[in-house]
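# What the coordinates show
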Amino acid sequence: MKWITREKVKVDRVACPWLIRNFIDKEAEFVFLPHDSDWKSIQNGNVYDVPNCELGHHGEDVSFDSILKKYGLADAALLLLAEIVRAADSRPSRPHPAGEGLRWVAHGFSALGLSDHEILAREFIVYDALYAECRRQVEAAR
């Protein structure tokens, strides 16, 4: 299935593909279009993290949250990771302290001049590591 969003990926537009590929659609194809695309006219794929879409920002929730909710993903480690993504991608009222570090990582990858697909390929390992730590933290709290 095609998953379509804005080009020049950073936090949420890397976290969402990681989530989709690992928990929803292992064969997902990601398409990155210019920011001024006509998002409402796209009919061949799932649009995410663009203005006024179902899988976008709603209140303090970021697109990662919207995808978790739509697909019923309630794993405690994913919910903790969502707090970090939310803190890195927006300005929630109670940000997770790890969010600022993730924001720095995302902006650093952006500064390397890589394509969006190259950023995904390299940064997915960051999300693998964050998810592993989230799982460890959740287990330790039990």
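All of the points below concern the structure found in this document. Counting of residues starts from 1 at the beginning of each chain's written sequence and follows it residue by residue. Note on the predicted model: pLDDT of at least 70 is required for a residue's local features to be given, and 80 or more for side-chain atom pairs to be given and counted; whole-chain, interface and lining totals, by contrast, use all residues. Excluding hydrogens and water, the side-chain figures rest on all heavy atoms present in the structure.

## With respect to the pairing of strand β2 (residues 29-33)
Of the two faces of β2, the one lined by Phe30 and Phe32 is fully buried and the one lined by Glu29, Val31 and Leu33 carries no buried residue. In the sheet, strand β1 (residues 2-6) pairs with β2 via five bridges, with the strands oriented parallel. Residue pairing for β2: threonine 5 is matched across the bridge by phenylalanine 32. In the classification by handedness, the crossover that spans β1, the intervening helix α1 (residues 12-23) and the parallel β2 is right-handed. In this scheme, a residue with accessible area under 20% of its type's maximum is buried, one over 50% is exposed, and one in between is partly exposed, where area comes from a 1.4 Å probe on protein chains only. Strands are runs of DSSP state E lasting at least 2 residues, helices are runs of H or I lasting at least 4, and numbering of each runs from the N terminus. Strand pairing is assigned whenever DSSP detects at least two bridges linking the two strands. Throughout, right-handed denotes a crossover for which the path from the first strand over the helix to the second runs clockwise when the strands point away from the viewer.

## What to know about the packing of aromatic side chains
Centres within 6.5 Å make a pair out of two Phe, Tyr or Trp rings, where for Trp the six-membered ring is used; the pair is then stacked when the planes are under 30 degrees apart, edge-to-face when over 60, and tilted otherwise. Following the criterion strictly, the structure yields six aromatic pairs and no others. A centroid spacing of 6.4 Å and a plane angle of 65 degrees characterise the contact between tryptophan 3 and tyrosine 48, whose relative ring orientation is edge-to-face. Within this pair, whereas tryptophan 3 is found in strand β1, its partner tyrosine 48 is found in the loop between β3 (46-47) and α2 (63-70), the two being separated by 45 residues in sequence. With respect to burial, tryptophan 3 and tyrosine 48 carry one shared label: buried. A network of ring pairs unites the aromatic residues Trp18, Phe23, Tyr127 and Tyr131 as a single cluster.

## A look at the side chain of aspartate 12
Counting through the fold element by element, aspartate 12 comes out in helix α1. None of His or the chain ends enter the tally, which takes Lys and Arg as positive and Asp and Glu as negative. The working definition used for a salt bridge is a side-chain nitrogen of Lys or Arg within 4 Å of a carboxyl oxygen of Asp or Glu. The side chain of aspartate 12 sits in the buried core without any salt bridge; arginine 6 is the nearest counter-charge, 6.7 Å away. Other than its neighbours up to four places away in sequence, aspartate 12 contacts Pro17, Asp49, His57, Val62, Ser63, Phe64, Val85 and Asp89. In this description, contact between two residues means that some pair of their heavy atoms is separated by no more than 4.5 Å.

## Section: the pattern of salt bridges
Note that side chains of opposite charge can pair when their charged atoms are close. On inspection of all chains with the given rule, the structure shows eight salt bridges. In this structure, glutamate 54 and lysine 70 form a salt bridge, with 3.2 Å as the shortest nitrogen-oxygen distance. One end of the pair, glutamate 54, is in the loop between β3 and α2; the other, lysine 70, is in helix α2, with 16 residues separating them in the sequence. Linking glutamate 100 and arginine 103 is a salt bridge whose minimum nitrogen-to-oxygen distance equals 2.8 Å. Remark: arginine 103 and glutamate 100 occur in helix α4 (residues 99-111); sequence separation between them is three residues, near one turn of the helix. By relative accessible area, which is 39% here, glutamate 100 ends up partly exposed.

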